[in-house]
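As a plain string of letters, each chain reads:
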Amino acid sequence: MMRLSSVLATGLVALCSTPGGLAQQGAAQTQDWTAAQDHQNMMDQLGIKALRPGPSGTESAPNHANYDEATANPFPNLPDVLTLKNGRKVTTPAMWWSQRRPEIVEDFEREVLGRIPRNVPKVTWTVTRTLESTVGSAPVLGKLLTGHVDNAADPQISVDIQMTLVTPAGAKGPVPVMIMFGGRGLPGLTPVPQFGRGGPPPAGRGPAAPPAGGDPPPTEQLIAAGWGYASLNPGSIQADNGAGLTKGIIGLVNHGQPRKPDDWGALRAWGWGASRALDYLETDASVNAKHVGIEGVSRFGKAALVTMAFDTRFAVVLVGSSGEGGAKLHRRNWGEAVENLTGSGEYHWMAGNFLKYGAAEASFGSKNAGDLPVDAHELIALCAPRPTFISYGVPEKGDAKWLDHQGSFMAAVAAQPVFRLLGARGLGVPDDYHTAKMPAVNVGLLDGQLAWRQHDGGHTDGPNWRYFIPWANKLLDAAAPADRALARTDQNSLTAHAQLLEKAKKGGIDVYFEGDSITRRWGATDYPELLANWNTNFHGWNAGDFGWGADRIQNILWRLENGELDGVNPKVIVLLAGTNNVGNSILPEGEEAKIADITKGLEAVVRLMQTKAPRATIILTAIFPRNDNMAVMPVIDKINRNLAKLADGKKVRYLNINGKLADANGKLFDGMMNADKLHPAIQGYQVWADALKPLFTKLLGPPSSDDHAPSATGDPSARR
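### A short note on the overall build of the protein chain
Across its full length, the protein chain carries 21 helices and 16 strands. Taken against the 2.2 N^0.38 rule, which gives 27 Å for 720 residues, the C-alpha radius of gyration of the protein chain at 28 Å falls within 12% of a compact globule. If you line up the protein chain on its principal axes, its C-alpha atoms span 85 × 60 × 55 Å. For the protein chain, restricting intrachain contacts to residue pairs at least 6 apart in sequence, the fraction spanning at least 24 positions comes to 75%. Accessible surface for the protein chain amounts to roughly 27,500 Å². Of this, 52% is attributable to carbon and sulfur atoms. One finds the centroid of the 70 positive side-chain charges in the protein chain at a distance of 3 Å from the centroid of its 71 negative side-chain charges.

What follows is the structure, encoded as structure tokens:
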């Protein structure tokens, strides 16, 4: 093996370690190294003299991998995913988001996958070509995109991310999209592939036709189901080899110089590229950016899992045959091992620090998989509570034993407690990963947000798409009826839910307000003028605001089902909800189906409130007029007429103030709403307050001079 001189290696390390050193000196000459040279340089930085060789995938080789279950678990106990480093147990969602999750992220970034630098240049996306075509028999619109990374600081290195976006032609609204690592593009539009060392996508994912009698390609299934897809070329982000670490996005940020031990590897780089693809999709009107998923197979299955774990904007993931470095437990002695990933052929996927865990002789002694601070179950847990589908095939068809299907199932089992803590469902099996056994082939565990299915095909996720798509549709609220409870899976909403749970536990609430952003803003700390109006009108009636922005009826149902009204026992509940369903629901049956669906959802909320707070009088408020889209006003009027029928005049009162907010045609009076023509201004809120206060006086008596409601809360993101 060719080796750098110690003087050269030391000099490069010093240069890389100097804060701002490269930037101060200008772009240095890019190092044109082999993978072996770069690998040796990292060993030198870490003080590693020798690494243990990884096992061979050839079973007849002297150092063949272990496939004996009796010796497969030398480190049987995994790090407890719900125990803080100080030994405290994590018992609430708030503790997970604010304490435990950051601990796990830090360990993965420092020791396993590497950190994305803060100074990564901006990406500018350009649509370079469009094409009308068909996928299967369905008409589609394809866009060829280039994401140019600003390389002004180092013109020697260019990074132009290649992506093809394909969406159904004539869709009536934004569609969910799956980003597919190395997946198909669109004939006549796809750029020249650049897959790096890994070659083309795994079997079943390339351009070849599916076998006779097999399922249609995933792209056809997605388009037929009303989804779009984006084919992302990982090789255009970062090469799949160690020699490429001084080039690509990693090399560009490092000005062509070698990595530091905690710098990112290719898996994080590919994930970063997927996040930049999502940045673009958030600007494309044809895409429902809240329902963008990520998918990959083999090394790109690892990348898909990493992407989902670190970027909470992704709504769903399909992790195909990911093995070591993906869903497989590092601590398992089965098939591919940590030592394979620390060798010169695969180390580039990981942070340099990961090499320490394959060290046989080093300045720090030696380390092994049992010394890792984290394991694969925690990577899966970082995806919670968002829908996460773990997919494998069978060794008989080419999905090698090397991947350790059993070890991956054990990791999924061990991740279940986090999904449940955050209000989602796991696999539906006992949590004891020590004794967990995989289900039979073709038996899926698909009832929760964490799913598992081992199909009877090979090294592909192809046979699982027919199960993945309806599973994802069921869990993403784009296709859910309004009377089905659904969790919001973004971190900010889950943090807010945890805060509202704490607020509910404090008690002292006689008037409970529930709804979406229209309700939330009135009693929120991040809208101080509106909060002052709230206090002026409701002080002494012990009113608590439990609204949350952007909630649809399904999300309100989930929050109520998951503790936000438990034990509160209010005397009055004020409910205003449904406008987000009016604006965002897409039902193929048409307008009347939407009206019936929203009515049914609000009726479900009222019934649930009556169950949770049987003593309360519910004031069911008519959906307010909105002028951001006047076409929805007939829908709102019909829903409101249905809501009036839900009231009995006693325990359910119907309140409609729309005649004071807008004229008979629904056109808003001046000053009632903000510039968005959707959210009330102070004048509009005062109209609502003036209608509520006589009802409160009748039901509760006049307000007291004291108020015992808990302090107002706000949007957690507003603190940052």
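### Remarks on the sheet that holds strand S3 (residues 138-149)
Spatially, nine strands are ordered S2-S3-S4-S6-S5-S7-S8-S10-S11 in an open sheet, and the strand pairing comes out mixed. Lying at the two open borders of the sheet, with one neighbouring strand each, are strand S2 (123-135) and strand S11 (450-454). Within this sheet the neighbouring strands show an average axis-to-axis angle of 20 degrees, counted without direction. Inspection of the sheet shows strand S10 (residues 388-392) paired to S11 by five bridges, in the parallel sense. In the strand pairing of S11, Phe389 is matched with Ala451. Here helix H8 (residues 299-310) sits on the sheet in contact with strand S5 (175-181), strand S7 (287-297), strand S8 (316-320) and S10, set at roughly 145 degrees to S7. Across the sheet, helix H11 (residues 405-421) is in contact with S10 and S11; its angle to S11 comes to roughly 165 degrees.

### Observations regarding the pattern of salt bridges
Throughout the structure, instances matching the rule amount to 39 salt bridges. One salt bridge connects Glu111 with Arg110, and the closest N-O pair in it is separated by 2.9 Å. For Glu111, a relative accessible area of 6% puts it in the buried group. Salt bridges here are not isolated pairs; linked through shared partners, they connect Lys85, Glu106, Asp107, Glu109, Arg110, Glu111, Arg115, Asp262, Arg268 and Lys356.

### A few points about the environment of Arg466
With respect to the element layout, Arg466 can be found in helix H12 (residues 465-475). In sequence terms Arg466 and Pro216 are 250 residues apart; their C-alpha atoms lie 9.1 Å from each other.

### Focus: the sheet that holds strand S16 (residues 652-655)
Paired through backbone hydrogen bonds, the strands of a sheet run either parallel or antiparallel to each other. The five strands are arranged S13-S12-S14-S15-S16 in an open sheet whose pairing can be described as parallel. Strand pairing shows two members of the sheet lacking a second neighbour, strand S13 (543-545) and S16, which therefore form its edges. Here the average twist between neighbouring strands, direction ignored, is 20 degrees. Note that strand S12 (residues 511-515) and S13 share three bridges and pair parallel. Looking at S13, one finds that Tyr512 is bridged to Gly544. Across the sheet, helix H21 (residues 682-700) is in contact with S12, strand S14 (572-576), strand S15 (617-621) and S16; its angle to S14 comes to roughly 155 degrees.

### Considering the side chain of Asp311
Structurally, Asp311 is set in the loop between H8 and S8. When its relative accessible area of 10% is taken as the criterion, Asp311 is described as buried. At 2.7 Å, the side chain of Asp311 forms a polar contact with the side chain of Ser275. Beyond its immediate chain neighbours, meaning those up to four positions away, Asp311 contacts Ser275, Leu278 and Arg386.

### Digging into the environment of Pro710
Position of Pro710 among the secondary structure elements: in the segment after H21. As a C-alpha pair, Pro710 and Glu502 span 208 residues in sequence and 9.6 Å in three-dimensional space. Contact partners of Pro710, with chain neighbours within four places excluded, come to Lys503, Lys506, Gly507 and Ile509.

### Regarding the packing of aromatic side chains
A complete count under the given rule lists 26 aromatic pairs for this structure. Between the aromatic rings of Trp270 and Phe300, the centroid separation amounts to 5.1 Å while the plane-to-plane angle is 70 degrees, which identifies the pairing as edge-to-face. Taken as a pair, Trp270 in helix H7 (residues 266-281) and Phe300 in helix H8 lie far apart in primary sequence, 30 residues in all. The class of Phe300 is buried, set by a relative accessible area of 5%. Where Trp522 meets Phe538, the ring centres are 5.1 Å apart and the plane angle is 75 degrees; that geometry is what we call edge-to-face. A residue pair is termed long-range when its members are at least 10 positions apart, and Trp522 in helix H14 (residues 517-522) and Phe538 in helix H15 (residues 528-538) qualify at 16 residues. This pair shows no difference in class: Trp522 is buried, exactly as Phe538 is. Three or more aromatic residues link up through ring pairs in this structure, and these residues are Phe513, Trp522, Trp534, Phe538, Trp541, Phe624, Tyr685, Trp688 and Phe696. The ring centre of Phe310 lies 3.7 Å from the NZ or CZ of Arg268, which sits over that ring. Seen from the ring of Tyr67, Lys401 lies directly overhead, with NZ or CZ sitting 4.4 Å from the centre.

### Some words on the side chain of Asp715
Within the secondary structure, Asp715 sits in the segment after H21. In this structure, Asp715 is buried with no salt-bridge partner, the nearest side chain bearing the opposite charge being Arg520 at 4.7 Å. Ignoring anything within four residues of it in the chain, the contact list for Asp715 reads Asn492, Arg520, Asp526 and Trp548.

### A few points about the packing of helix H13 (residues 491-506) against helix H16 (residues 553-564)
Orientation of H13 relative to H16, taken along the N-to-C sense of each, is 45 degrees, at an axis distance of 10 Å. Classed by the angle they form, the pair H13 and H16 counts as oblique. Our pair here, H13 against H16, has a crossing hand that is right-handed. Counted together, Leu494, His497, Leu500, Leu501 and Ala504 of H13 and Trp558, Arg559, Asn562, Gly563 and Glu564 of H16 form the full contact between these two elements.

### Notes on the nonpolar core
Of all hydrophobic cores here, the largest spans 109 residues; its most connected members are Trp96, Ile249 and Ile380. Element by element, the count of residues in this core is highest for H7, at 10 residues. Apart from residues no more than four positions distant in its own chain, Ile380 is found in contact with Leu305, Ala327, Ile390, Ala411, Ala412, Ala415, Phe419 and Leu450. With 36 residues, the next largest nonpolar core counts Ile573, Ile623, Val632 and Val652 among its residues.

### Focus: unusual backbone geometry
Residues Ala384 and Pro385 are joined by a peptide bond in cis, for which omega reads 0 degrees. Positive phi is not limited to glycine here, since Asp404 has a value of about 60 degrees. If you trace the backbone, Asp404 turns up in the loop between S10 and H11. In the Ramachandran plot, Asn542 falls in the positive-phi region, its phi being about 55 degrees despite a non-glycine side chain. Within the secondary structure, Asn542 sits in the loop between H15 and S13.

Rules and cut-offs
Every chain is numbered independently, its residues counted from 1 as its sequence is written. Owing to the predicted nature of the model, reporting of local features is limited to residues with pLDDT of at least 70; listing and counting of side-chain atom pairs is limited to 80 or more, with chain, interface and lining totals taken over all residues. By convention in this description, side-chain values take in all heavy atoms of the structure and omit both hydrogens and water. Secondary structure elements follow DSSP: runs of H or I no shorter than four residues count as helices, runs of E no shorter than two count as strands, and numbering proceeds from the N terminus. For the radius of gyration, the atom set is restricted to C-alpha positions; the globular benchmark scales as 2.2 Å times the number of residues to the power 0.38. Contact criterion: two residues are considered in contact whenever any of their non-hydrogen atoms come within 4.5 Å of each other. The Shrake-Rupley method, run with a 1.4 Å probe, gives the accessible areas here. Residue values count only the displayed protein chains as cover. Residues scored as charged are limited to Lys and Arg (positive) and Asp and Glu (negative), so that His and the chain ends carry no count. Throughout, a charge is located at the NZ atom of Lys, the CZ atom of Arg, the CG atom of Asp or the CD atom of Glu. What makes two strands pair is DSSP finding at least two bridges between them. Lines fitted to C-alpha atoms define the axes here, with helix axes fitted over just the stretch in contact, and angles between the N-to-C directions of these axes take values from 0 to 180 degrees. A side-chain nitrogen of Lys or Arg and a carboxyl oxygen of Asp or Glu constitute a salt bridge if their distance falls within 4 Å. Under the scheme applied here, a residue whose accessible area is under 20% of the maximum for its type counts as buried, over 50% as exposed, and between as partly exposed, the area being computed with a 1.4 Å probe on protein chains only. Under this definition, polar contacts are N or O atom pairs within 3.5 Å; protein pairs additionally need one hydrogen-donor-capable and one acceptor-capable atom, and for neighbouring residues in sequence, both atoms have to be side-chain atoms. Pairing of aromatic rings covers Phe, Tyr and Trp, the last counted by its six-membered ring, and requires centre-to-centre distances within 6.5 Å; plane angles under 30 degrees mean stacked, over 60 mean edge-to-face, and any other angle means tilted. Note on geometry: a ring has a charge over it if NZ (lysine) or CZ (arginine) is within 6 Å of the ring centre and within 35 degrees of the ring normal. Orientation categories follow fixed angle ranges, with anything under 35 degrees roughly parallel, anything over 145 roughly antiparallel, 65 to 115 roughly perpendicular, and all other angles oblique. Here is the rule for handedness: rotate from the far helix to the near one, and if that takes an anticlockwise turn smaller than a right angle the crossing is left-handed, while a clockwise turn gives right-handed. For the purposes of this section, nonpolar cores are sets of buried Ala, Val, Leu, Ile, Met, Phe, Trp, Tyr and Cys residues that join through side-chain atoms within 4.5 Å.

The values reported here are purely geometric and, on their own, carry no functional implication.
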